[in-house]
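Residue-level structural notes
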Amino acid sequence: KTVKNSGWPTTRSELFEQSCTALVAEENEMHGSLSGSVRPASDVLLQAAGFVCAQLLLSGTGSIAVDGASTELQKNATDFASEAFDAAIIRQALATKIFRAAGHNTVEPCHRTVAEYLAARWLANALSGQLSLTRLEALLYGNDYIVPSALRGLHAWLATLSPNIAKTLVTRDPYGFFRYGDAATLNLDQAHAGTVYRRCPL
């Protein structure tokens, strides 16, 4: 649909941005009842979806209970309400095609790669305000110096969408970046960092 509407994207980033914009513009008929009468702007919904996806990926949670209690493996939609996004906006985001039904009264991201892109998109935006780089590194790496395999896609997109710290992130996981991110966004210095492998401290 993206190609039909806008032609072939020139970069991987452009493909994901255009595709996610198309997905968030449509309500998912499988759980459209989640949506309210007033629809927020598409970018607000994309940011809310990215916020939800970031929480899911960083916590290792797979799905969201639309109505019901939270569990260790599943959060409730209201758990995502915050100062930035109230419960109504979260429910509007969950009602788009960014998410799909995962069972009775549960939803999950439509695809892991979409979740990784949107999560990184939200985190990159948060870095310019409420989120510090130190806090982000703690969330991504814990006490280790390597990127967990489950977060390599998120990490690669974060390097793609955060040019100010791209060199540092690419150096952390060069292969992961070139496998899952968008090398077209790098300048020469950042690309050179991708050829340098550092031994992790023991």
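Refer to the structure printed above.
Residues numbered from 1 in each chain as written. Predicted model: local features only at pLDDT ≥ 70, side-chain atom pairs only at ≥ 80, totals over all residues. Heavy atoms only, no water.

**Side note on the overall build of the chain**
Scanning the chain for helices and strands turns up 10 helices and 4 strands. Taken from the N to the C terminus, the helices and strands of the chain come in the order α-α-α-β-β-α-β-β-α-α-α-α-α-α. Taking all 202 residues of the chain together, 44% fall into the buried category. For the chain, restricting intrachain contacts to residue pairs at least 6 apart in sequence, the fraction spanning at least 24 positions comes to 61%. (Helix = DSSP H or I, 4+ residues; strand = E, 2+ residues; numbered from the N terminus. Buried < 20%, exposed > 50% of the residue type's maximum accessible area, 1.4 Å probe, protein only. Contact = heavy atoms within 4.5 Å.)

**Let's talk about the pairing of strand β4 (residues 106-109)**
Pairing between strand β1 (residues 63-65) and β4: 2 bridges, direction antiparallel. If you follow Ile64 over to β4, its bridge partner there is Val107. Two strands pair when backbone bridges link them, and strand β3 (residues 99-103) and β4 are joined in this way by 4 bridges, in the antiparallel orientation. By the bridge assignment for β4, Arg100 is matched with Glu108. Where β3 hands over to β4, the hairpin turn is made up of 2 residues, of which Asn105 adopts a positive phi near 60°. (Pairing = 2+ DSSP bridges.)

**Let's talk about the layout of surface pockets**
When its volume is computed, the second largest pocket comes out at roughly 230 Å³. Phe51, Gln55, Trp122, Leu131 and Leu139 are the residues nearest the centre of the second largest pocket, which is lined by 14 residues in total. Elements represented by at least two residues in the lining of the second largest pocket include exactly α3 (42-59), α5 (112-126) and α6 (133-141). Among the elements that line the lining of the second largest pocket, the one with the most residues is α3, at 4 residues. Of the residues in the lining of the second largest pocket, the class split is 8 nonpolar, 4 polar and 2 charged. (1 Å grid on protein atoms, 1.4 Å probe; cavity = no way out; pocket = protein on both sides within 12 Å on 5 of 7 lines; lining within 4 Å. Points joined across faces, edges and corners; volume = space filled by probe spheres on them. Nonpolar A, V, L, I, M, F, W, Y, C, P; charged D, E, K, R; others polar.)

**Comments concerning the pattern of salt bridges**
Once the charged atoms of two side chains with opposite charge are near each other, the side chains can pair. For the structure on display, the rule yields 5 salt bridges. Among the salt bridges present, the one from Glu17 reaches Arg121, with a minimum N-O distance of 3.1 Å. Of this pair, Glu17 sits in helix α2 (residues 12-24) while Arg121 sits in helix α5; the two residues are 104 residues apart in sequence, bridging distant segments of the chain. Here Arg121 falls in the buried class, since its relative accessible area comes to 15%. For the salt bridge of Arg121 with Asp43, the shortest nitrogen-to-oxygen distance reads 3.0 Å. Pair noted here: Arg121 is in helix α5 and Asp43 is in helix α3, with a separation of 78 residues, a long-range link. Look at Asp43 and you get partly exposed, because its relative accessible area is 42%. (Salt bridge = Lys/Arg side-chain N within 4 Å of Asp/Glu carboxyl O.)

**Describing α2**
In this model, α2 (13 residues) spans 18 Å end to end at C-alpha, consistent with the 18 Å of a helix rising 1.5 Å per residue. Of the positions making up α2, those classed as buried are Ser13, Phe16, Cys20 and Val24. Along the axis of α2, the buried residues cluster in a sector spanning 65°; they form a single face. Summarising the contacts, the buried residues of α2 are in contact with α3, α5 and α7 (152-161). (Expected span 1.5 Å × (residues − 1). Arc of directions from axis to C-beta.)

**Observations regarding the environment of Phe16**
Relative to the helices and strands, Phe16 is located in helix α2. Residue Phe16 is classed as buried on the basis of its relative accessible area, which comes to 11%. Along the sequence, Phe16 and Thr113 sit 97 residues apart, while their C-alpha atoms lie 9.0 Å from each other. When neighbours within four sequence positions are excluded, Phe16 is seen to be in contact with Thr113, Val114, Tyr117 and Trp157.

**Focus: the sheet that holds β3**
Picture the strands of a sheet paired through backbone hydrogen bonds; they go either parallel or antiparallel. The strand order β2-β1-β4-β3 describes an open sheet built from 4 strands, whose pairing is mixed. Only two strands of the sheet have a single neighbouring strand rather than two, namely β2 (74-76) and β3. In this sheet, neighbouring strand axes are inclined to one another by 40° on average, regardless of whether the strands run parallel or antiparallel. Bridge analysis of β1 against β2 gives 3 bridges, and the strand direction is parallel. Within the sheet, the bridge partner assigned to Ser63 lies in β2 and is Gln74. (Axes fitted to C-alpha atoms, helices over the stretch in contact; angles between N-to-C directions.)

**Considerations on the nonpolar core**
Of all hydrophobic cores here, the largest spans 52 residues; its most connected members are Val52, Ile64 and Phe99. What Val52 contacts, discounting residues up to four positions off in sequence, is Ile64, Phe80, Ile90, Leu94 and Phe99. (Core = buried A, V, L, I, M, F, W, Y, C linked by side-chain atoms within 4.5 Å.)

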